[in-house]
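The primary structure of each chain is shown beneath.
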Amino acid sequence: MSIIPITVYGDSILRKKTEKVKYVDDELIQNIRDMFQTMRNANGIGLAANQVGLDKSVFVIDLQEVEGYEKFKPVVMINPIIVLESDEIVTIEEGCLSLPNLRADVDRPASVKVKYLSTDEQEEIIEADELFARVILHEYDHLIGKMIPDRVNENIKKKLQKQLHDISDRKVEIDYPITEK
Ligand code: ZN
């Protein structure tokens, strides 16, 4: 397993829709292991493949370090599709390993139904709410090239501009590896 430098705001792969996975092969399984290791090393709770430079429609989630989620099993979602979103919208402050030190209030559906392939190529459909729904929607956004600044209003976005510039210039202090400019 290896820890991979995380792509940050400004890296073009984060702005592109990822490719669907055709086969769950050994390479993908290795990628997924690396993603978990990279995410945990950075104290993240979710990570999408393009955040480690891979053009693949996959993300991983592990909420076990979060209070109240200790028994929650880590999840891998391959080729996820959002089937249903609740009408109810909630505002929650989010962060992102590709936006080091940035926090912003983001409005998203409170609950979500998502269809995906598991690592043993079974089609799964699950319903999620609260933090799990939030992380699924955030990671799914990565796979379609969207990030937090695309999901906030213009006012908040303006306030984030300087920080976004600093991130793309690597003027950030963090304790996990990121890509070079
Ligand atoms: Zn993110």
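Computed from a predicted model, the values in this text were never measured in an experiment.

A complete count under the given rule lists one cavity of 30 Å³ or more for this structure. Here the largest cavity is characterised by a volume of approximately 40 Å³. Every residue lining the largest cavity is listed: C96, R108, H138, D141, H142, K146, M147 and I148. Here the lining of the largest cavity gets three residues from one element, more than from any other, and that element is helix α2 (residues 130–143). For the lining of the largest cavity, the residue count by class is three nonpolar, two polar and three charged.

Let's shift gears to the coordination of the zinc ion. The protein atoms donating to the zinc ion are C96 (SG), H138 (NE2) and H142 (NE2), with metal-donor distances spanning 2.0 to 2.2 Å. Read N to C, the donor residues that coordinate the zinc ion are spaced as C-x41-H-x3-H. A residue pair is termed a helical-turn pair when its members lie 3 or 4 positions apart in one helix, as H138 and H142 do in helix α2 at four residues. The pair formed by H138 and H142 is uniform in burial state, with each residue classed as buried.

Turning our eyes to something else, we now look at helix α1 (residues 26–41). With 16 residues, α1 extends 23 Å from end C-alpha to end C-alpha; this agrees with the ideal 22 Å at 1.5 Å per step. Listed as buried for α1 are L28, N31, I32, D34, M35, F36, T38 and M39. Close packing links the buried residues of α1 with β1 (46–48), β2 (58–61) and β3 (75–85). Immediately beyond the C-terminal end of α1, within one or two residues, lies N43, with a positive phi of roughly 55 degrees.

Below, the discussion takes up a negative patch on the surface. Together, D25, D26, D120 and E121 line one region of the surface with negative charge. Considering the arrangement of structural elements, one finds D25 in the segment before α1. Residue class for D25 comes out partly exposed when judged on its relative accessible area of 35%.

Let's shift gears to a nonpolar patch on the surface. A cluster of nonpolar residues, I81, V83 and L84, forms a patch on the protein surface that exposes about 250 Å² of accessible area. Relative to the helices and strands, V83 resides in strand β3.

This brings us to the environment of N153. Following the sequence through the fold, N153 ends up in the loop between α2 and α3 (154–168). N153 gets classed as partly exposed once you look at its relative accessible area, which sits at 45%. Taking the C-alpha atoms as reference points, N153 and N50, separated by 103 residues in sequence, lie 25 Å from one another. There is a polar contact of 2.9 Å between the side chain of N153 and the backbone nitrogen of I156.

In this structure, the largest pocket occupies an estimated 520 Å³ of space. I45, E94, G95, C96 and R103 are the residues nearest the centre of the largest pocket, which is lined by 26 residues in total. Listed by contribution, the elements that provide at least two residues to the lining of the largest pocket are β4 (89–94) and α2. Sorting elements by how many residues they give to the lining of the largest pocket places α2 first, with six residues. By volume, the second largest pocket is sized at about 160 Å³.

Rules and cut-offs
Residues numbered from 1 in each chain as written. Predicted model: local features only at pLDDT ≥ 70, side-chain atom pairs only at ≥ 80, totals over all residues. Heavy atoms only, no water. 1 Å grid on protein atoms, 1.4 Å probe; cavity = no way out; pocket = protein on both sides within 12 Å on 5 of 7 lines; lining within 4 Å. Points joined across faces, edges and corners; volume = space filled by probe spheres on them. Helix = DSSP H or I, 4+ residues; strand = E, 2+ residues; numbered from the N terminus. Nonpolar A, V, L, I, M, F, W, Y, C, P; charged D, E, K, R; others polar. Donors = N, O, S within 2.8 Å, 3.2 Å for Na, K, Ca; no water. Buried < 20%, exposed > 50% of the residue type's maximum accessible area, 1.4 Å probe, protein only. Expected span 1.5 Å × (residues − 1). Contact = heavy atoms within 4.5 Å. Patch = residues over 30% accessible without salt bridge, like charges linked within 9 Å, V, L, I, M, F, W, Y side chains within 5 Å. Areas by Shrake-Rupley, 256 points an atom, 1.4 Å probe, with all protein chains shown as cover. Salt bridge = Lys/Arg side-chain N within 4 Å of Asp/Glu carboxyl O. Lys, Arg positive; Asp, Glu negative; His and termini not counted. Charge placed at Lys NZ, Arg CZ, Asp CG, Glu CD. Polar contact = N/O pair within 3.5 Å; in protein donor to acceptor, adjacent residues only side chain to side chain.

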